[in-house]
Amino acid sequence: MTDKRERRAAARALRKRLAEVDPSAAGRAAEHADALPEGEVVALYRAMGSELDADPLALALERAGRRLCLPVVVQRDAPMIFRAWSPGEPLELDVAGCPAPLPLAEVVDPDLIVTPLLAFDAHGGRLGQGGGYYDRTFAARPNALRIGFAYAGQRVERLTLEPHDVRLHGVLTEAGYADFGISH
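What comes next is a walk through the structure. Since this is a predicted model, take the numbers as computed values, not measurements.

**Here's the deal with the side chain of R126**
Logical step 1: By the secondary structure assignment, R126 is in strand β8 (residues 126-127).
Logical step 2: D135 provides the closest opposite charge to the buried, unpaired R126, separated from it by 4.3 Å.
Logical step 3: A distance of 3.3 Å separates polar atoms of two side chains, one belonging to R126 and the other to T115.
Logical step 4: Engagement of the side chain of R126 in a polar contact is seen with the backbone oxygen of P116, the distance being 3.4 Å.
Logical step 5: Setting aside its immediate chain neighbours within four residues, R126 contacts T115, P116, L117, A119, Y134, D135, F138, L159, L161 and L168.

**Here's the deal with the nonpolar core**
Logical step 1: In terms of nonpolar packing, the biggest core is built from 45 residues, with L44, L52, L57, L61, V114 and F149 touching the most fellow members.
Logical step 2: Not counting residues within four places of it along the chain, the set of residues in contact with V114 comprises V42, A43, L44, Y45, L57, Y134, I147 and F149.

**Regarding the sheet that holds strand β10 (residues 170-173)**
Across a sheet, paired strands are connected by hydrogen bonds in the backbone, their directions being either parallel or antiparallel.
Logical step 1: Pairing is mixed across the open sheet formed by seven strands, whose spatial order is β3-β2-β1-β6-β9-β10-β11. The outermost strands of the open sheet, each flanked by one partner alone, are β3 (81-84) and β11 (176-179). Along the sheet, successive strands turn relative to each other by an average axial angle of 30 degrees, direction set aside.
Logical step 2: Alignment of strand β1 (residues 41-43) against strand β2 (residues 67-72), held across three bridges, turns out to be parallel. Across the sheet, V41 pairs through a bridge with R67, a residue of β2.
Logical step 3: Sheet contacts for helix α3 (residues 55-63): β1, β2, β6 (112-115), β9 (145-149) and β10; angle to β2, the most-contacted strand, approximately 140 degrees.

**Topic: the side chain of Q154**
Logical step 1: In this fold, Q154 is placed in the loop between β9 and β10.
Logical step 2: Of note is the side chain of Q154, whose polar atom sits 3.1 Å from the backbone oxygen of L118.
Logical step 3: Once residues lying within four places of it in the same chain are set aside, the contact partners of Q154 are R15, L18, L117, L118, A119 and F120.

**Looking at the pairing of β10**
Logical step 1: Every second residue of β10 is oriented toward a common face, with G170 and L172 on one face and V171 and T173 on the other, all of them buried.
Logical step 2: Of the strand pairs in this sheet, β9 and β10 are connected by three bridges, and their pairing is parallel. Note on β10: the bridge partner recorded for F149 is L172.
Logical step 3: Judged from the four bridges that link them, β10 and β11 form a sheet pairing that is antiparallel. Each bridged residue has a counterpart across the sheet, and for L172 the counterpart in β11 is Y177.

**Here's the deal with the pattern of salt bridges**
Logical step 1: Applying the stated rule across the entire model yields seven salt bridges.
Logical step 2: One salt bridge in this structure joins E20 and K16, with 4.0 Å as the shortest N-O distance. Remark: K16 and E20 occur in helix α1 (residues 4-21); sequence separation between them is four residues, near one turn of the helix.
Logical step 3: R67 is the partner of E106 in a salt bridge, and the nearest nitrogen-oxygen pair spans 3.0 Å. Of this pair, E106 sits in the loop between β5 (99-101) and β6 while R67 sits in strand β2, and the two are 39 residues apart along the sequence.

The rules behind these values
Residues numbered from 1 in each chain as written. Predicted model: local features only at pLDDT ≥ 70, side-chain atom pairs only at ≥ 80, totals over all residues. Heavy atoms only, no water. Helix = DSSP H or I, 4+ residues; strand = E, 2+ residues; numbered from the N terminus. Buried < 20%, exposed > 50% of the residue type's maximum accessible area, 1.4 Å probe, protein only. Lys, Arg positive; Asp, Glu negative; His and termini not counted. Salt bridge = Lys/Arg side-chain N within 4 Å of Asp/Glu carboxyl O. Polar contact = N/O pair within 3.5 Å; in protein donor to acceptor, adjacent residues only side chain to side chain. Contact = heavy atoms within 4.5 Å. Core = buried A, V, L, I, M, F, W, Y, C linked by side-chain atoms within 4.5 Å. Pairing = 2+ DSSP bridges. Axes fitted to C-alpha atoms, helices over the stretch in contact; angles between N-to-C directions.

Right under this line is the structure:
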């Protein structure tokens with residue numbers, strides 16, 4: 001199955017099944033928040049569809065004293081920016097239709113970017129939704145650590161990456177944190 005569209009469709013269907021079968025996975029993954037690499041400012045995301053819910057992780061990180069932010073798409077073909085955010089603060093839809101902090105929120109530079117995904121491999125490969133938002137953002141922020149947040153069942157043997165695909169440093173699942181040994 002080399003066609004990315006087919007691979008994405010299969011990965012979406014699998015993620016949806018994992019979400020239905022294991023609704024408590026996000027909470028169990030958040031229990032491993034202390035295993036994440038250091039970083040004062042952590043970018044999370046607001047889950048859409050069957051993405052692993054980052055809310056329990058947000059609460060765990062906030063309790064641990066980390067500052068949080070969310071990505072904001074301000075232009076379709078540009079890297080995302082990040083605005084400071086705490087659980088419970090109001091959100092509005094950004095250019096891509098994703099929940100994001102209001103424009104009056106402080107723009108920040110995250111040390112660690114937690115990203116949703118459709119599939120990942122043990123080599124840092126990540127299959128995203130296909131919009132390129134995270135790859136453009138990762139390329140523009142090479143010093144930020146890139147961490148996937150997913151169900152353990154989303155791991156695949158090996159993803160075929162294209163030149164613009166940026167590898168993850170690690171992934172956090174309900175089974176714990178895995179570091180891929182990828183340097184900046």
